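# Examining the three-dimensional arrangement
So you can see what is in the structure, the chains are spelled out below.
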Amino acid sequence: MVDRVTLNVEGMSCGHCVKAIENSVTAISGVDNVQVQLDSGTVNVEFNKDAVEVEHITNAIEEQGYTIGN
Ligand SMILES: [Cu+2]
């Protein structure tokens, strides 16, 4: 079943950040689509919630050196 989440991500400042997050989140099995909005500092993710938990997604972003906000 497809679910979708919008995460507030602190520390994104340029196209490199966008690519780093896109690549790390896309690499997670069960993630269907990732859209990074640099202006608003948000990351929209579509994922199969039977295959992946949101925590896996936030962990992948934090491993790239960013902070998940509220
Ligand atoms: Cu950057």
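Above this note sits the structure.
Summary of the structure given here. Within each chain, residues carry numbers counting from 1 in the order of the written sequence. At least 70 in pLDDT is required for a residue's local features to be given in this predicted model, at least 80 for side-chain atom pairs to be given and counted, and no such filter applies to totals for whole chains, interfaces and linings, which use all residues. Calculation of side-chain values draws on the structure's entire complement of heavy atoms; hydrogens and water are dropped beforehand.

On to helix α2 (residues 54-63), then. Remark: exposure states derive from per-residue accessible area (1.4 Å probe, protein chains only) relative to the maximum for the residue type, with buried under 20%, exposed over 50%, and partly exposed in between. Labels follow the DSSP assignment, with helices taken as runs of H or I lasting at least four residues and strands as runs of E lasting at least two, numbered in each case from the N terminus. Among all positions of α2, only I57, T58, A60 and I61 are buried. All buried residues of α2 fall inside an arc of 155° around its axis, so they share one side. In α2, the exposed residues that point more than 90 degrees away from the buried face are E55 and E63. Those residues of α2 that are buried are in contact with β1 (2-10), α1 (15-26), β2 (31-37), β3 (42-48) and β4 (67-68). Working definition: the arc comes from the directions between the helix axis and the C-beta atoms, pointing outward to the latter. Residues count as neighbours in contact if any of their non-hydrogen atoms are within 4.5 Å of one another.

Further remarks concern the pairing of β3. A strand pair is defined by DSSP finding two or more bridges across the two strands. By the bridge criterion, seven bridges tie β1 to β3 in an arrangement that is antiparallel. Within the sheet, the bridge partner assigned to L7 lies in β3 and is V43. Two strands pair when backbone bridges link them, and β2 and β3 are joined in this way by six bridges, in the antiparallel orientation. When the sheet's bridge partners are listed, V34 is paired in β3 with V45. Hairpin connection of β2 to β3: four residues between the antiparallel strands, including G41 at a positive phi of 70°.

Sites may look incomplete, because water is not among the atoms used; the donor set itself consists of N, O and S atoms within 2.8 Å of the metal (3.2 Å for Na, K and Ca). Donor atoms from the polypeptide that coordinate the copper ion comprise C14 (SG) and C17 (SG), at 2.0 to 2.1 Å from the metal. Note on C17: relative accessible area 5%, which makes it buried.

Take T58: it is sitting in helix α2. The class of T58 is buried, set by a relative accessible area of 13%. Not counting the four nearest positions on each side in its chain, T58 is found in contact with L7 and I68.

With that out of the way, let us pick up the sheet that holds β3. Ordered in space as β2-β3-β1-β4, the four strands form an open sheet in which the pairing is antiparallel. Lying at the two open borders of the sheet, with one neighbouring strand each, are β2 and β4. Between the N-to-C directions of two axes lies an angle of 0 to 180 degrees, each axis being a line fitted to C-alpha atoms and, for a helix, fitted only over the stretch in contact. Packed onto the sheet, α1 meets β1, β2 and β3 and runs at close to 165° relative to β2. On the sheet, α2 packs against β1, β2, β3 and β4 and is oriented at approximately 30° with respect to β1.

To form a nonpolar core, buried Ala, Val, Leu, Ile, Met, Phe, Trp, Tyr and Cys residues must be joined to one another through side-chain atoms within 4.5 Å. The biggest cluster of nonpolar side chains holds 21 residues, and the ones touching the most others in it are I21, V43, I57 and I61. Sorting the residues of this core by element identifies β1, α1, β2, β3 and α2 as the ones contributing at least two each. Top element by residues in this core is α1. It accounts for five residues. With residues up to four places along the chain from it excluded, the contact list for I57 reads L7, V25, I28, V31, V45, F47 and V52.

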